[in-house]
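Examination of the molecular architecture
Below, each chain spelled out in residue letters.
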Amino acid sequence: MDIHIRRLGLTDYLTTWEAMRAFTRSRTPDTPDEFWLTEHPPVFTLGQSGKAEHILEDIGIPIARSDRGGQVTYHGPGQLVVYLLVDLRRRHLKVGEMVRKIEAAIIACLYRAGLTVNRRSGAPGVYMGATGRGAKIAALGLRVTNGASYHGLSLNVAMDLSPFAAINPCGYPGLAVTQTRDEGALMTLETIGELLCEALLAEFAEARPPASLSPMQVG
């Protein structure tokens, strides 16, 4: 079954979150899976078990309590966010397998952008360097309900990284973060988004990207 790609542009975090939940609640066994590409205005998001103590300083950025996995992260313009609305049961996937597919797609995308990155054992996401011991460049967090996922991944492309200093990113004190622009990959967010879509579709066994749907209104 095809995966539909929706390119939403800049969207409000809470409005998009509610749209994901509504989509997931209304799914049937025949509903196609979807990837939503977006950016958000500045917002800190806390995962379902996120601890407020990981927000170190009030710098005037709103905080949203989310139902995804993981601790605290930051979203802002210039960061690519991809939400993965996938029927895991239909694709015979377990959550851990899906996480590995997402990480593999990010690694493949960034390899095509000229960057060397890898996983880090025990810490979901993608990190710089062949051994994954460098700064974090991509984060992920999912929610699975009734066998279907929502939320997804964020990839830092060309953004203001300074708000990360006000938090313990993903719950790790002092965790360094970076972005593709600072690592020498000078592609636009749109170009990297297309590369990442191709890599995700390959990981989810799609032969080719389907035609883009018209932008969806989420607000």
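Summary of the structure given here. Please read all numbers here as calculations on a predicted model, not as lab measurements.

1. Regarding the nonpolar core
- Of all hydrophobic cores here, the largest spans 40 residues; its most connected members are Phe35, Leu84, Leu153, Leu155 and Leu196.
- If you list the elements that add at least two residues to this core, you get strand S1 (3-10), strand S2 (33-39), strand S6 (79-85), helix H2 (95-112), strand S8 (123-128), strand S9 (136-145), strand S10 (148-156) and helix H3 (189-203).
- Ignoring any residue separated from it by four or fewer positions in sequence, one finds Leu155 in contact with Gln79, Leu80, Leu110, Ile137, Ala138, Ile192 and Leu196.
- Listed in part, the 13 residues of the second largest apolar core include Tyr13, Trp17, Met20 and Val81.

2. Considerations on the packing of H2 against H3
- Where H2 meets H3, the axes come as close as 8 Å, and the angle between the chain directions of the two elements is 135°. Between H2 and H3, the angle falls in the class oblique. As for how H2 packs across H3, the hand of that crossing is right-handed. Residues Lys101, Ile102, Ala104, Ala105, Ile106, Ala108, Cys109 and Arg112 of H2 lie in contact with H3, whose contacting residues are Ile192, Leu195, Leu196, Glu198, Ala199, Leu200 and Glu203.

3. Quick look at the packing of aromatic side chains
- Taken as a whole and assessed by the stated rule, the structure comprises five aromatic pairs.
- Centre to centre, the rings of Phe23 and Trp36 are 6.1 Å apart; their planes meet at 75°, and the pair counts as edge-to-face. One end of the pair, Phe23, is in helix H1 (residues 13-25); the other, Trp36, is in strand S2, with 13 residues separating them in the sequence.
- On the accessibility criterion, Trp36 (1% relative accessible area) is buried.
- Here the aromatic rings of Tyr74 and Phe164 are separated by 5.5 Å at their centres, their planes lie at 85°, and the arrangement is edge-to-face. Taken together, the residues span a long stretch of sequence, with Tyr74 in strand S5 (residues 72-75) and Phe164 in the loop between S10 and H3 at a distance of 90 residues.
- The exposure class assigned to Tyr74 is buried, which follows from its relative accessible area of 4%.
- Among the aromatic residues, those joined into a ring-pair cluster are Phe44, Tyr74 and Phe164.

4. Details of H3
- Its 15 residues place the ends of H3 21 Å apart at the C-alpha level, agreeing with the 21 Å of an ideal helix rising 1.5 Å per residue.
- Two residues or fewer after H3 comes Ala205, characterised by a positive phi angle close to 65°.

5. Let's talk about H2
- For H2, which comprises 18 residues, the first-to-last C-alpha distance of 26 Å matches the rise-based estimate of 26 Å (1.5 Å per residue) to within 8%.
- Listed in full, the buried residues belonging to H2 are Met98, Val99, Ile102, Glu103, Ala104, Ala105, Ile106, Ile107, Cys109 and Leu110.
- Of the surrounding secondary structure, the elements contacted by the buried residues of H2 are S6, strand S7 (117-120), S8, S9, S10 and H3.
- Once H2 finishes, Gly114 follows within two positions and takes phi at roughly 90°, a positive value.

6. Looking at the pairing of S8
- For S8, a buried count of five out of six residues is recorded, marking the element as mostly surrounded by other parts of the structure.
- With three bridges joining them, S7 and S8 adopt antiparallel strand pairing. Counterpart to Asn118 in the pairing with S8 is Tyr127.
- Connecting S7 to the next strand, S8, in antiparallel fashion are two residues, including Gly122 with a positive phi near 80°.
- Across two bridges, S8 lies against S9 in antiparallel orientation. When the bridges of S9 are listed, Val126 appears paired with Ala138.

7. Some thoughts on the layout of surface pockets
- There is about 310 Å³ of room inside the largest pocket.
- What lines the largest pocket is a set of 22 residues, and nearest its centre among them are Arg68, Gly69, Gly70, Leu140 and Gly141.
- Contributions of two or more residues to the lining of the largest pocket are made by S5, S6, S9 and S10.
- A breakdown of the residues in the lining of the largest pocket according to their chemical character gives 11 nonpolar, nine polar and two charged.

8. Section: the sheet that holds S5
- Strand order across the open sheet formed by three strands is S4-S3-S5, with mixed pairing between neighbours. Among the strands making up the open sheet, the edge pair consists of strand S4 (63-65) and S5. Across the sheet, the mean angle separating the axes of adjacent strands is 25° when strand polarity is ignored.
- Summarising the sheet, strand S3 (residues 43-46) and S4 pair through three bridges and their orientation is parallel. Looking across to S4, one finds that Phe44 is bridged to Ile63.
- Contacts between H1 and the sheet are confined to S3, S4 and S5, with S4 contributing the most and set at about 15° to the helix.

How each quantity is defined
- Residues numbered from 1 in each chain as written.
- Predicted model: local features only at pLDDT ≥ 70, side-chain atom pairs only at ≥ 80, totals over all residues.
- Heavy atoms only, no water.
- Core = buried A, V, L, I, M, F, W, Y, C linked by side-chain atoms within 4.5 Å.
- Buried < 20%, exposed > 50% of the residue type's maximum accessible area, 1.4 Å probe, protein only.
- Helix = DSSP H or I, 4+ residues; strand = E, 2+ residues; numbered from the N terminus.
- Contact = heavy atoms within 4.5 Å.
- Axes fitted to C-alpha atoms, helices over the stretch in contact; angles between N-to-C directions.
- Parallel < 35°, antiparallel > 145°, perpendicular 65-115°, else oblique.
- Left-handed = near helix turned anticlockwise from the far one by under 90°.
- Phe/Tyr/Trp six-rings, centres within 6.5 Å; stacked < 30°, edge-to-face > 60°.
- Expected span 1.5 Å × (residues − 1).
- Pairing = 2+ DSSP bridges.
- 1 Å grid on protein atoms, 1.4 Å probe; cavity = no way out; pocket = protein on both sides within 12 Å on 5 of 7 lines; lining within 4 Å.
- Points joined across faces, edges and corners; volume = space filled by probe spheres on them.
- Nonpolar A, V, L, I, M, F, W, Y, C, P; charged D, E, K, R; others polar.

Any functional reading would require information that these geometric values do not contain.
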